[in-house]
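Residue-level listing of the chains:
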Amino acid sequence: MQINTDADYIFFASSSGHCSLDCQYCIIDPIAKHQPTLNWDDFAYLLEQINYKKAGFIFSGTGDFFAGYKKQERLLQRLLEQDVDIGLDINGVMIHEFSELTDTQYAKILHINLTLHYQQLINKNALKVWEKNALLLIDKKGKDNFVLGTVLSPLESALWEDALVFFEQAIFSKTQQKIVLIRDVRLPFEALDEARLQQLQQQFSHLIDETREEDFAEPFQNHNAVLCPAGHTYFRLWHDGRIQGCPYISELMDCGNLKTQTFQPKTASFQCHQPKECDCYVIAQLGKMQYLE
């Protein structure tokens, strides 16, 4: 997710330890259920530690952001009262206090990535709720700051067409918001799946923005080394409080814990010779990766 922020610090925050859905293609295994979550006290401590410099938060990862706290806690609103930019990656089943934010607060949400998990919405009897929330999100943020996608998994290929029909009737016909088709990264497509995808791309070409398969290594194909801010001004926050500069580099794995109120950033950026992961891609998209060779 690209949020185009000028923030001094970037935090990729898997703040929630719970997801209200049970998607069988979820990359989180097991699916997060009723685990610890970050609260306002945790974020207040973090903002104090960075001397209240501007912070960019990308909320994604383990659980759904809104499923991690109760509406009366108003975590999103309290964060938006600070000097922050925010990106949200959500499933849209609940959006808590989002509808009650001010225009100034909406302006600090630079990007929303909403996913249509069609099978689960049917199972949870949540199609109408999701539709209402999706229309509100689009209305408040506009199509230029919004990506709406759906995962095409071979496990649910029988419902691909139904999902797009629902999207056309519920969202596209009312907003002209297009959809991104996201190929399941864990399961290969068989010939029948590829044929079905091609047919859907033709049938629904008017409402499909693109078909995407994540390739985090792509920005680094012509570079053997980078100077990375991970551990210095870029961090992963986990729902149990752990702070990591990078979950793949041993010397950057432990930068403190919000639950124990410890924060130990590195004094300089890290020279890395293996940029290929999700975090690397995010940092590059934000324009904060320095290419060395």
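Look up a bit, the structure's there.
Residues numbered from 1 in each chain as written. Predicted model: local features only at pLDDT ≥ 70, side-chain atom pairs only at ≥ 80, totals over all residues. Heavy atoms only, no water.

## As for the overall build of the chain
What the chain contains, in helices and strands, is eight helices and 14 strands. In terms of overall dimensions, the chain is globule-like: its C-alpha atoms have a radius of gyration of 19 Å, near the 19 Å expected for 293 residues. Along the first, second and third principal axes, the C-alpha set of the chain runs to 55 × 45 × 35 Å. The proportion of buried residues among the 293 residues of the chain is 53%. Taking the contacts inside the chain whose residues are at least 6 apart along the sequence as the reference set, 73% of them involve residues at least 24 apart. Total accessible area computed for the chain in this model is approximately 13600 Å², and 45% of it derives from carbon and sulfur atoms. (Helix = DSSP H or I, 4+ residues; strand = E, 2+ residues; numbered from the N terminus. Rg over C-alpha atoms; globule rule 2.2 N^0.38 Å. Buried < 20%, exposed > 50% of the residue type's maximum accessible area, 1.4 Å probe, protein only. Contact = heavy atoms within 4.5 Å. Areas by Shrake-Rupley, 256 points an atom, 1.4 Å probe, with all protein chains shown as cover.)

## What about the packing of helix H6 (residues 160-175) against helix H7 (residues 191-203)?
Taken N-terminus to C-terminus, the directions of H6 and H7 make an angle of 20°; their axes are 10 Å apart at the nearest point. Here H6 is positioned roughly parallel relative to H7, judged by the angle of their axes. H6 and H7 meet at a crossing whose hand is right-handed. Across from Trp160, Glu161 and Leu164 in H6, the residues of H7 making contact are Asp193, Arg196, Leu197, Leu200 and Gln203. Of the residues assigned to the contact of H6 with H7, the class counts are four nonpolar, one polar and three charged. (Axes fitted to C-alpha atoms, helices over the stretch in contact; angles between N-to-C directions. Parallel < 35°, antiparallel > 145°, perpendicular 65-115°, else oblique. Left-handed = near helix turned anticlockwise from the far one by under 90°. Nonpolar A, V, L, I, M, F, W, Y, C, P; charged D, E, K, R; others polar.)

## What to know about the packing of aromatic side chains
Evaluated as defined, the whole model comprises 15 aromatic pairs. With 5.8 Å between their ring centres and 20° between their planes, Phe11 and Phe235 make a pair best called stacked. Residue Phe11 is found in strand E1 (residues 9-14), and its partner Phe235 is found in strand E9 (residues 234-238); the two are separated by 224 residues along the sequence. Phe235 matches Phe11 in its accessibility class, with the two residues each being buried. An aromatic cluster of three or more residues is present, and its members are Tyr9, Phe11, Phe43, Phe57, Phe59, Phe65, Phe66, Tyr69, Phe235 and Phe263. Directly above the ring of Phe189 sits Arg183, whose terminal nitrogen or CZ lies 4.1 Å from the centroid. (Phe/Tyr/Trp six-rings, centres within 6.5 Å; stacked < 30°, edge-to-face > 60°. Lys NZ or Arg CZ within 6 Å of the ring centre and 35° of its normal.)

## As for the pairing of strand E6 (residues 179-183)
Where burial is concerned, most of E6 is hidden: five out of the five residues are buried. Residue alternation in E6 divides its side chains into two sets, Ile179, Leu181 and Arg183 and Val180 and Ile182, and both sets are buried. Taken together, the four bridges between strand E5 (residues 146-152) and E6 define a ladder with parallel strand orientation. Considered in E6, the bridge of Leu152 is made with Arg183. For the crossover from E5 across H6 to E6, the handedness is right-handed. (Pairing = 2+ DSSP bridges. Right-handed = clockwise from strand over helix to strand, strands pointing away.)

## What to know about the sheet that holds E1
Pairing is mixed across the open sheet formed by nine strands, whose spatial order is E7-E6-E5-E4-E3-E2-E1-E9-E10. Edge positions in the sheet fall to strand E7 (208-212) and strand E10 (243-244), since each has one partner strand and no second. Strand contacts of helix H8 (residues 278-285): E1, strand E2 (55-59) and E9, with the helix running at about 130° to E9, the strand carrying the most contacts.

## Re the nonpolar core
Of all hydrophobic cores here, the largest spans 71 residues; its most connected members are Phe57, Leu76, Leu88, Leu148 and Leu237. If one sorts the elements of this core by residue count, H6 sits on top with eight residues. With 21 residues, the next largest nonpolar core counts Ile58, Cys228, Ile249 and Leu252 among its residues. (Core = buried A, V, L, I, M, F, W, Y, C linked by side-chain atoms within 4.5 Å.)

## Describing H6
Taking 1.5 Å as the rise per residue, H6 with 16 residues should run 22 Å; its terminal C-alpha atoms sit 21 Å apart, in good agreement. Along H6, the helix axis deviates most sharply at Glu168, where the bend reaches about 45°. Listed as buried for H6 are Trp160, Ala163, Leu164, Phe166, Phe167, Ala170, Ile171, Phe172 and Thr175. Buried residues belonging to H6 abut helix H4 (118-123), helix H5 (127-141), E5, E6 and H7. Of the residues trailing H6, Gln176 is marked for its positive phi of about 65°. (Expected span 1.5 Å × (residues − 1). Bend = angle between axes of the 7 residues up to and from the residue.)

## Considering H8
Counting buried residues along H8, six of its eight residues qualify, which places the element largely inside the surrounding structure. Cys278, Asp279, Cys280, Val282, Ile283 and Ala284 are the residues of H8 that are buried. Where the residues of H8 are buried, they touch E1, E2, strand E8 (226-228), E9 and strand E14 (290-291). Positive backbone phi, at 75°, marks Gly287, one or two positions downstream of H8.

Keep in mind that these numbers describe shape and distance, not what the molecule does.
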